[in-house]
Amino acid sequence: MTLSQEIITIGMVVLGTALTRYLPFLLFPAGKPTPKYIQYLGKVLPGAVFGLLVIYSLRNVSPLSGSHGIPELLAVLAVVLLHLWKRQMLLSIAGGTALYMLLVQMVF
């Protein structure tokens, strides 16, 4: 990249970051009520995002080859059980990831 391309790239990154940080405050000021569709999106999008992540993470698991998806199944089960037990998202994700990595590296 040339120097001018680097400057333009950095400027666009700064602009994009500033826009995503300030735009919600400009569109939804503190004194006005939040529109119903934004409240709806706030309720349904977190679950949709996690559903998408689960599907994306398990898309290449084949029960007919290799370890037959056993490490993935155990890791998903660990995430669910940790979340039901402690109700802490970070603990659930970290615990499931750590278990999966241990299973893949040391067992399967």
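What counts and what doesn't
- Residues numbered from 1 in each chain as written.
- Predicted model: local features only at pLDDT ≥ 70, side-chain atom pairs only at ≥ 80, totals over all residues.
- Heavy atoms only, no water.
- Helix = DSSP H or I, 4+ residues; strand = E, 2+ residues; numbered from the N terminus.
- Expected span 1.5 Å × (residues − 1).
- Bend = angle between axes of the 7 residues up to and from the residue.
- Buried < 20%, exposed > 50% of the residue type's maximum accessible area, 1.4 Å probe, protein only.
- pLDDT = per-residue confidence, 0-100.
- Contact = heavy atoms within 4.5 Å.
- Phe/Tyr/Trp six-rings, centres within 6.5 Å; stacked < 30°, edge-to-face > 60°.
- Lys NZ or Arg CZ within 6 Å of the ring centre and 35° of its normal.
- Polar contact = N/O pair within 3.5 Å; in protein donor to acceptor, adjacent residues only side chain to side chain.

Undergrad: Sorry if this is basic, but what is going on with helix H2 (residues 36–58) here?
TA: Given 3.6 residues per helical turn, the α-helix brings residues three or four places apart onto the same face. For H2, built from 23 residues, the straight-helix expectation of 33 Å at 1.5 Å per residue is met to within 8% by its first-to-last C-alpha distance of 34 Å. At Val 44, H2 shows its largest bend, some 35 degrees, and a proline, Pro 46, comes one to four positions later.

Undergrad: Can you walk me through unusual backbone geometry in this structure?
TA: Trans peptide bonds make up most of the peptide bonds, and negative phi angles are found at most residues other than glycine. Of note, His 68 is a non-glycine position whose phi angle comes to about 60 degrees, a positive value. You can see His 68 is positioned in the loop between H2 and helix H3 (70–86). Residue His 68 is classed as partly exposed on the basis of its relative accessible area, which comes to 46%. Phi is positive for Arg 87, which is not a glycine, with a value near 55 degrees. Its location among the elements puts Arg 87 in the loop between H3 and helix H4 (89–107). Judged by relative accessible area, Arg 87 falls into the exposed class, the value being 57%.

Undergrad: So what exactly am I meant to see when it comes to the confidence of the model for the protein here?
TA: In regions of low pLDDT, the predicted coordinates are not meant to be interpreted in detail. Residue-level pLDDT values for the protein average 93, and 100% of them are 70 or greater. The spread of mean pLDDT over the elements of the protein runs between H2, the lowest at 92, and helix H1 (residues 3–27), the highest at 96.

Undergrad: Teacher, can you tell me more about the side chain of Glu 72 here?
TA: Within the secondary structure, Glu 72 sits in helix H3. Residues in contact with Glu 72, not counting those within four places in the same chain, are Leu 58, Val 61 and Tyr 100.

Undergrad: Quick question: what am I supposed to make of the packing of aromatic side chains here?
TA: Given two aromatic rings, their pairing is described by the distance between the two centres and the angle made by the two planes. One pass over the full model with this rule turns up zero aromatic pairs. The side chain of Arg 59 reaches across the aromatic face of Tyr 56, ending 4.1 Å from its centre. Between Lys 86 and the ring centre of Trp 85, over which it is positioned, the NZ or CZ distance is 4.6 Å.

Undergrad: Which parts of the structure should I look at to understand the side chain of Ser 92?
TA: Note on placement: Ser 92 falls in helix H4. Only 3.0 Å separates the side chain of Ser 92 from the backbone oxygen of Gln 88, close enough to count as a polar contact. Not counting chain neighbours up to four residues away, the residues in contact with Ser 92 comprise Val 79, Leu 82 and His 83.

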